[in-house]
Amino acid sequence: VFDNKYLKPFTSLLKRLYEKKVNGKKLDEKAIERYTNAKHGIERNREMSVKNALTEVQDGKKVFNENAYKSWAQERDEVRKKNLPWAEEQRELDMVARKYGAKIRDYSGLTAIFDKDRNMKYAQISDAAYQYVADVENALGKDVKELWGLLKGMTDYSLNEAFESGMMSKATYE
């Protein structure tokens, strides 16, 4: 099932993507990885920053504010329902995250991707990541949706397999 539903279509898609150019260079495996890491990293950095902001140390123990996180998640979902262009949605989500005390920083490795010399501020690194995502998505056109659909499908398949085999609890799976 996995091969026919995901692997073969993904391999076929990659062959098409490798024919496209971004900033004058043909896409390759490394460029696709950089793109997916950049796009996911922007989202992950915000999520981790919110979780960090909602965690306090009380009596020497870390305590996570579940109620505030639920409120954040509701506001996050409301923004997502607007169906904004991706970059605009991310910037709006960053503003909402800041309401919860999030100081957005790099948890995902964007610094290693976009600031090899380690002399940039996070805002510059983030801007570079946004620009790279925009450049790649401009080159990919309609293939962006297919790429992320296949990546999500493969991830969901793997998570379901882990859950069904007993390697993952129901709480972790959900």
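Residues numbered from 1 in each chain as written. Predicted model: local features only at pLDDT ≥ 70, side-chain atom pairs only at ≥ 80, totals over all residues. Heavy atoms only, no water.

### Some points on helix α3 (residues 66-81)
For α3, with 16 residues, the first-to-last C-alpha span of 22 Å sits near the 22 Å given by 1.5 Å per residue. Buried within α3 are the following residues: Ala68, Tyr69, Trp72, Ala73, Arg76 and Val79. The buried side chains of α3 occupy one side of the element, clustering within an arc of 140 degrees when seen end-on. For α3, the exposed residues set more than 90 degrees away from the buried face come down to Asn67, Lys70, Gln74 and Lys81. Check the buried side of α3 and you find it contacts α2 (29-53), β4 (61-64) and α4 (86-99). (Helix = DSSP H or I, 4+ residues; strand = E, 2+ residues; numbered from the N terminus. Expected span 1.5 Å × (residues − 1). Buried < 20%, exposed > 50% of the residue type's maximum accessible area, 1.4 Å probe, protein only. Arc of directions from axis to C-beta. Contact = heavy atoms within 4.5 Å.)

### A short note on unusual backbone geometry
Backbone geometry places asparagine 23, a non-glycine residue, at a positive phi of 50 degrees. Note that asparagine 23 resides in the loop between β1 (21-22) and β2 (25-26). Non-glycine residue aspartate 59 carries a positive phi angle of around 55 degrees.

### With respect to the packing of α4 against helix α6 (residues 122-140)
It is the contact of α4 with α6, at a shortest axis distance of 11 Å, that shows an interaxial angle of 155 degrees. Viewed along their axes, α4 and α6 adopt a mutual orientation that is roughly antiparallel. Only Asp127, Tyr130 and Val133 of α6 make contact with α4, whose side of the interface consists of Trp86, Ala87, Gln90, Arg91 and Asp94. Of the residues in the contact of α4 with α6, the class split is four nonpolar, one polar and three charged. (Axes fitted to C-alpha atoms, helices over the stretch in contact; angles between N-to-C directions. Parallel < 35°, antiparallel > 145°, perpendicular 65-115°, else oblique. Nonpolar A, V, L, I, M, F, W, Y, C, P; charged D, E, K, R; others polar.)

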